[in-house]
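Now for the letters of each chain:
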Amino acid sequence: QKDLKRLAAFGTLGHVSVVVLGLFAFTVSGLNGGIYQTLHEGIGGGALFMLLGLLYERYRPYDMREYGGLAAKLPWIVTMFVLTALSVTGLPMLNGFVGEFLVLSGSMQSAIAHHIGWTVLATTGVILTASYMLGMIQRIFYG
């Protein structure tokens with residue numbers, strides 16, 4: 001993916017599936033995790049799109065190929081991007097971790113058939129989201 005907005009949208013929408021898994025796990029921790037994850041998406045997704053808007057207003061393209069080496073010029077925005085991306089991916093000690101952990105633990109406790117498969121699928125999605133969000137930061141700021 002070369003478009004910044006589209007990649008950020010994939011990152012935020014990928015976590016909507018985690019919310020759905022938490023709601024349909026039908027456990028208390030799954031429902032609480034879904035609520036926390038919904039709140040986190042409002043905060044983290046909004047921050048990510050705000051930072052992308054700052055980059056767009058300053059440099060104009062949404063194409064990642066036209067960026068590169070911005071870390072030397074804008075160290076403060078790199079720091080904010082990294083913190084926001086790690087929060088969106090659910091790094092422990094940031095706001096995205098609580099919801100994801102509750103959803104995944106609630107789905108493992110569920111009595112629904114194939115709950116382990118759905119949990120593994122959701123965990124794989126979280127790992128893939130982390131990989132392409134960090135790849136986006138690497139291409140924009142250090143590429």
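Bear in mind that the values here come from a model prediction, so they are computed numbers and not experimental data.

A. Local environment of the environment of L7. The residue L7 is located in helix α1 (residues 4–14) in this model. Not counting residues within four places of it along the chain, the set of residues in contact with L7 comprises Q1, M64, Y132 and M136.

B. Expanded view of the packing of aromatic side chains. Overall, the coordinates contain five aromatic pairs when judged by the stated rule. Judged by centre distance (5.9 Å) and plane angle (90°), the rings of F24 and F26 are edge-to-face. Like F24, the residue F26 is exposed in the burial classification. Ring plane angle 85° and centroid distance 6.2 Å describe the contact between Y59 and Y67, whose orientation is recorded as edge-to-face. You can call Y67 buried: its relative accessible area is 9%.

C. Here's a closer look at helix α2 (residues 16–23). Every buried residue of α2 is listed here: V18, V19, L21 and G22. Taken around the axis of α2, the buried residues stretch over an arc of 160°, which confines them to a single face.

D. Molecular detail of unusual backbone geometry. Its identity as a non-glycine residue notwithstanding, F26 has a phi of 55°, on the positive side. Relative to the assigned elements, F26 resides in the loop between α2 and α3 (28–59). In this structure, R60 takes a positive phi of about 80° despite not being glycine. Judged by its relative accessible area of 48%, R60 falls in the partly exposed class.

E. View of a nonpolar patch on the surface. On the surface, L13, V16, V20, L23, F24, F26, L31 and I112 cluster together into a nonpolar patch covering about 740 Å² of accessible area. Looking at which element gives the most residues to the nonpolar patch, the answer is α2, with three residues. Take F24: it is sitting in the loop between α2 and α3.

F. Region of the structure containing the pattern of salt bridges. Counted by the stated rule, this structure contains two salt bridges. For R60, the salt bridge goes to E57, with nearest N and O atoms at 3.9 Å. Given a relative accessible area of 53%, E57 falls into the exposed group. Of the charged contacts, one joins R65 and D63 as a salt bridge, the two residues approaching to 3.0 Å between their closest N and O atoms. A residue is classified by how much of its surface remains accessible, and R65, at 59% relative accessible area, is exposed. For D63, a relative accessible area of 18% puts it in the buried group.

Definitions and cut-offs
- Residues numbered from 1 in each chain as written.
- Predicted model: local features only at pLDDT ≥ 70, side-chain atom pairs only at ≥ 80, totals over all residues.
- Heavy atoms only, no water.
- Helix = DSSP H or I, 4+ residues; strand = E, 2+ residues; numbered from the N terminus.
- Contact = heavy atoms within 4.5 Å.
- Phe/Tyr/Trp six-rings, centres within 6.5 Å; stacked < 30°, edge-to-face > 60°.
- Buried < 20%, exposed > 50% of the residue type's maximum accessible area, 1.4 Å probe, protein only.
- Arc of directions from axis to C-beta.
- Patch = residues over 30% accessible without salt bridge, like charges linked within 9 Å, V, L, I, M, F, W, Y side chains within 5 Å.
- Areas by Shrake-Rupley, 256 points an atom, 1.4 Å probe, with all protein chains shown as cover.
- Salt bridge = Lys/Arg side-chain N within 4 Å of Asp/Glu carboxyl O.

So, to be careful, I would describe these as geometric facts and stop short of saying anything about function.
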